[in-house]
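# Structural overview
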Amino acid sequence: MTQMWKPGLSLIAVSALLAACYAETSQPDTVDEQTQRAVAESAAPVIPQSASAAASTAAQPAYAGRWMGVEGTFMTITPQTGNAYQVVITDLDGPKTYAGTLQADGLHIERNGTPRVIVPGDGEATGMKWLAEKSDCLVVAANEGYCRD
């Protein structure tokens, strides 16, 4: 039995080699550069808004809704009047309700006497490996975040 040359297979092989070469040349040169880029992207600055812009943002559903955490935890944010929100965080101890106020830098709550600012971010910004691949998240504190699926 003779082998027949198949131009389609050759084209696929050449395409794969070219794609691999391109991927190598488009990557940062060192692990340090990759780390610095990842830190810079996850720590993107929050651009402050005016008070009127923050109030108009309150009408948008950016914070409103149900946000899923890990191990059955979740956070539900409900808009109230003006820039006020009700924040319910349900963890392994059960639900706890907090009054929130939307300001230029995020959604402010006070939990156990400690002020917190809930800010948008991605899964990596939450610091939780289970959420690392998510893109639409809210960060409450270090290693505490909730994402939409």
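Residues numbered from 1 in each chain as written. Predicted model: local features only at pLDDT ≥ 70, side-chain atom pairs only at ≥ 80, totals over all residues. Heavy atoms only, no water.

Within the protein, the secondary structure is distributed over four helices and eight strands. When burial is assessed residue by residue, the protein has 27% of its 149 residues classed as buried. Counting only contacts in the protein whose residues sit at least 6 apart along the sequence, the fraction spanning at least 24 positions is 31%. Total accessible area on the protein stands at roughly 10100 Å², and carbon and sulfur atoms take up 58% of it. (Helix = DSSP H or I, 4+ residues; strand = E, 2+ residues; numbered from the N terminus. Buried < 20%, exposed > 50% of the residue type's maximum accessible area, 1.4 Å probe, protein only. Contact = heavy atoms within 4.5 Å. Areas by Shrake-Rupley, 256 points an atom, 1.4 Å probe, with all protein chains shown as cover.)

So, about the pattern of salt bridges. Proximity of charged atoms lets side chains of opposite charge pair with each other. Under the criterion given, the structure shown has two salt bridges. Residue D91 pairs with K96 through a salt bridge whose shortest N-O separation is 3.3 Å. Judged by its relative accessible area of 31%, K96 falls in the partly exposed class. (Salt bridge = Lys/Arg side-chain N within 4 Å of Asp/Glu carboxyl O.)

Right, let's get into the environment of Y85. Residue placement: Y85 occurs in strand 3 (residues 84–91). It is 9.3 Å that separates the C-alpha atoms of Y85 and I109, two residues lying 24 residues apart in sequence.

Let's shift gears to the packing of aromatic side chains. One pass over the structure, following the stated rule, counts one aromatic pair. Above the face of the F74 ring, R66 is positioned so that its terminal group lies 3.6 Å from the ring centre. (Phe/Tyr/Trp six-rings, centres within 6.5 Å; stacked < 30°, edge-to-face > 60°. Lys NZ or Arg CZ within 6 Å of the ring centre and 35° of its normal.)

Once that is clear, we can look at the nonpolar core. The biggest cluster of nonpolar side chains holds 15 residues, and the ones touching the most others in it are Y63, M75, I77, V87, L107 and I118. Per-element tally for this core: the top contributor is strand 3, with three residues. Sequence-distant contacts of I77, that is, excluding residues within four places in its chain, are made with Y63, A64, G65, W67, Y85, Q86, V87, L107 and L138. Counting residues in hydrophobic clusters, the runner-up holds five residues, among them V70, L131, C137 and C147. (Core = buried A, V, L, I, M, F, W, Y, C linked by side-chain atoms within 4.5 Å.)

By the element assignment, T73 lies in the loop between strand 1 (65–68) and strand 2 (74–79). Judged by its relative accessible area of 12%, T73 falls in the buried class.

To continue, consider the pairing of strand 8 (residues 144–147). Successive residues of a regular strand alternate their side chains across the two faces of the sheet. Burial of strand 8 is two-sided: the residues E144 and Y146 facing one way and the residues G145 and C147 facing the other way are all buried. The pairing of strand 7 (residues 137–141) with strand 8 spans four bridges and is classified as antiparallel. Bridge assignment links C137 to a residue of strand 8, and that residue is C147. Here strand 7 folds back onto strand 8, and the loop between the two strands holds two residues, one of which, N143, carries a positive phi near 60°. (Pairing = 2+ DSSP bridges.)

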